[in-house]
Amino acid sequence: MAVCSFSGRPWASLITCHAAIRTAPAPPPSISFPPNANPTPLPSLSCALQCPHFKSCSGCTQEYDLHRPATLDEVTEFFKKHGVSDFTFDSCRLWGWRCRAKLAVRGSPTNPLIGLYQGGTHNIVDIPECKAHHPNINAAVELLKQGIRELNIEPHDEDLGTGELRYVQMAVTTHNTSLPFAVRYRNGKVQVSLVWNSRNENSPSAEKLNALAKYLWRYGGPNSKMHLVHSVWVNFQTSTNNIIFGNRWRHLLGERDFWEHVGGIDVSLTPSSFGQANTRAFDSLLRKLQKYVHYGASVADLYAGAGVIGLSLAVSRKCSSVKCIEINKESKLSFEKTAERLPGAVDSSISWHNADASVEPLFWLVGSDVIVVDPPRKGLDPSLLNVLQSIPSLDGKAKLPGSPSLKAKDEKRPWILRAREASVQIKRKTSMVESQSTPETLIYISCGWESFKKDCMSLLSDKSWHLDKAHGYNFFPGTQSIEVLAVFKRGPAVKPKKKKLGKKNKKKSSQGASLKYKIQMNC
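The rules behind the values
Residues numbered from 1 in each chain as written. Predicted model: local features only at pLDDT ≥ 70, side-chain atom pairs only at ≥ 80, totals over all residues. Heavy atoms only, no water. Phe/Tyr/Trp six-rings, centres within 6.5 Å; stacked < 30°, edge-to-face > 60°. Buried < 20%, exposed > 50% of the residue type's maximum accessible area, 1.4 Å probe, protein only. Lys NZ or Arg CZ within 6 Å of the ring centre and 35° of its normal. 1 Å grid on protein atoms, 1.4 Å probe; cavity = no way out; pocket = protein on both sides within 12 Å on 5 of 7 lines; lining within 4 Å. Points joined across faces, edges and corners; volume = space filled by probe spheres on them. Helix = DSSP H or I, 4+ residues; strand = E, 2+ residues; numbered from the N terminus. Nonpolar A, V, L, I, M, F, W, Y, C, P; charged D, E, K, R; others polar. Pairing = 2+ DSSP bridges. Axes fitted to C-alpha atoms, helices over the stretch in contact; angles between N-to-C directions. Contact = heavy atoms within 4.5 Å. Salt bridge = Lys/Arg side-chain N within 4 Å of Asp/Glu carboxyl O. Right-handed = clockwise from strand over helix to strand, strands pointing away. Core = buried A, V, L, I, M, F, W, Y, C linked by side-chain atoms within 4.5 Å. Parallel < 35°, antiparallel > 145°, perpendicular 65-115°, else oblique.

> Residues and numbers for the packing of aromatic side chains, please.
In this structure the tally under the stated criterion is 16 aromatic pairs. Note on Tyr444 and Phe452: the rings are 5.0 Å apart at their centroids and 90 degrees apart in plane angle, and the pair reads as edge-to-face. This pair shows no difference in class: Tyr444 is buried, exactly as Phe452 is. Within the aromatic cluster, the residues linked to one another by ring pairs are Phe78, Phe79, Phe87, Tyr444, Trp449, Phe452 and Phe488. One cation-aromatic arrangement involves Arg106 over Tyr167; the distance from NZ or CZ to the ring centre is 5.1 Å. Here Arg280 stacks its cationic end above the ring of Tyr185, 5.0 Å away from the centre of that ring.

> Quick rundown of the layout of surface pockets? Include the residues and the values.
The calculated volume of the largest pocket comes to roughly 1300 Å³. In terms of lining residues, the largest pocket is bounded by 50 residues, among which Ser273, Phe274, Gly275, Gln276 and Asp374 are the most central. Counting residues per element, the ones that place at least two in the lining of the largest pocket are β4 (100-107), β7 (165-173), β11 (259-262), α5 (279-290), α6 (308-316) and β14 (321-326). Grouping the constituent residues of the lining of the largest pocket by class yields 27 nonpolar, 11 polar and 12 charged.

> Residues and numbers for the sheet that holds strand β6 (residues 124-126), please.
Spatial strand order, β6-β5-β4-β7-β8-β9-β10: seven strands in an open sheet with mixed pairing. Only two strands of the sheet have a single neighbouring strand rather than two, namely β6 and β10 (248-254). Geometrically, the sheet is characterised by an average inter-axis angle of 35 degrees between neighbouring strands, direction not taken into account. For strand β9 (residues 229-236) and β10, the ladder comprises six bridges, and the chain directions are antiparallel. Pairing of Ser231 across the sheet is with Gly254, part of β10. Packing of helix α2 (residues 135-151) onto the sheet brings it into contact with β4, β5 (112-117), β6, β7, β8 (189-196) and β9, and relative to β7 it is tilted by some 145 degrees. Strands in contact with helix α4 (residues 206-220) are β7, β8, β9 and β10; relative to β9, the strand with the most contacts, it is inclined by about 165 degrees.

> For the pattern of salt bridges, give the residues involved together with the corresponding values.
In total, this model carries 15 salt bridges according to the counting rule given. When the shortest N-O distance is used, the salt bridge between Arg341 and Asp266 registers 3.3 Å. Here the residue Arg341 occupies a position in the loop between α7 (331-340) and β15 (349-354), and Asp266 occupies one in strand β12 (residues 265-268), the gap between them amounting to 75 residues. Taking the relative accessible area as the measure of exposure, Arg341 reaches 41% and is therefore partly exposed. Via salt bridges that share partners, Glu74, Glu450 and Lys453 belong to a single interconnected network.

> So, the pairing of β14: which residues are in play, and what are the values?
The buried fraction of β14 is high, at six of six residues. Both faces of β14 are covered, namely the face carrying Ser321, Lys323 and Ile325 and the face carrying Val322, Cys324 and Glu326. Relative to β14, strand β13 (residues 298-302) is paired through five bridges, and the arrangement is parallel. Paired with Val299 across the bridge in β14 is Val322. Sheet topology places β14 next to β15; six bridges connect them, and they run parallel. Counterpart to Val322 in the pairing with β15 is Ile350. Remark: the β14/α7/β15 crossover connection has right-handed handedness.

> Tell me about the nonpolar core, and name the residues and values.
Grouped together as the largest cluster of nonpolar side chains are 79 residues, with contacts concentrated most on Leu144, Leu194 and Leu289. The leading source of residues in this core is α2, at seven residues. Excluding its chain neighbours within four sequence positions, the residues that come into contact with Leu144 are Ile114, Leu165, Val168, Met170, Leu194, Leu212 and Leu216.

> So what's going on with the packing of helix α1 (residues 72-81) against helix α11 (residues 449-461)? Residues and values would help.
Where α1 contacts α11, the two axes come as close as 12 Å, and the packing angle between them is 10 degrees. Compared by their axis directions, α1 and α11 come out roughly parallel. Residue-level inspection shows Glu74, Val75, Phe78 and Phe79 of α1 in contact with α11, the latter providing Trp449, Glu450, Phe452, Lys453, Cys456 and Met457. Of the residues that constitute the contact of α1 with α11, the class distribution is seven nonpolar, no polar and three charged.

In structure tokens:
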């Protein structure tokens, strides 16, 4: 791997660029590639996309300088203006970084098209040589196309509502920690989730569905010449809206459990769980985040998903307690399986709650030293933002609204009762004194720059919080998006006091200045 550093203006952030030369794996012998699918030249170290689908495909919007998104200067200047002069930016892996892709299936049985919509249309752009995809996703897509042709599978027709295969989700696991990272990444296996146009497995097309799954397993499973496929799942969806997945899932072949290793822990993800597309970049962000949480902290992880951030902190920072709050009930199973694999030495009170963090958010914040928020692109819910701004005024109060000290038998609020029913509790081995403290640190992970700026200005407006540290990550090379990790501390920023020089130091300082002046004059 070639590693190079770039710098822009004199004050610009440190930019680390990782340019890894890619070699696409050979396809299974049974796959017949079209004549024009010749190997493309390897991307040069000029950080250019060099993708044949650019402009026609809506996935990437920046063709050159992948290591430097167009918004980087604005982001750097924003943080400098608000007291963070040491902002850093990690460009991460520039090609073959996407380990999770949702792709539409259209066309015909003889000429299937698998890719993304063209910008502003519902016309599918076939992207067999996508430079963002992990190479094994492209190989699995080609295997799927071969199966569609041979088994006469009918791709979905949106206008008529007909067809059998609507979408496919490809997710790569690089979990095998017995191998060096570069090797296990290259050898990643693909979980294939087929979105089938029927209500359930008893539909007339069920026979063709099973035949397609067996085809993928025969030519991509562990007994094939090239082990490519981790497992095959199906999701049943007949809705006419733009929602990709329905509510009904079935495991067909291969391993049921899908594991990934990030942030120092093994993470379980179901096909319906939210998973970061850029696994390596997410791992880098988690490692950095962990440094800003003190040992033994009490953490509230809001918008937690399957609790990956919270659980990684429980292990790495030996947190006394971790509360994960997530509105999507589908994440519960992933949390439970991940928690089961935590090291036995972890002594932390850990819980996951199926709740909306925007409803009386103070209930979840009381008793925590550190808050971690990872909201969707739209940013923080207004109610949560308001509570964060008002936290300083709550210090010292004998009893806070929504305090954990409220006994369970006295709780009447229905949304709290429902959250408790759907919660997962892991009690710590040693006893812990219940705290009514309010948070001193807020860690904000953002995938939407505009919404982050707005939330940030609100938090800084009345000096309830100040920015302490900030880092950027190139989660989506080829786009203008920057993933931000920002650390806020309570209260206004404190300017460092200048040390008073003693008589001896003053004399040395004046001599040094005189010498420096003489050297400059002589030069």
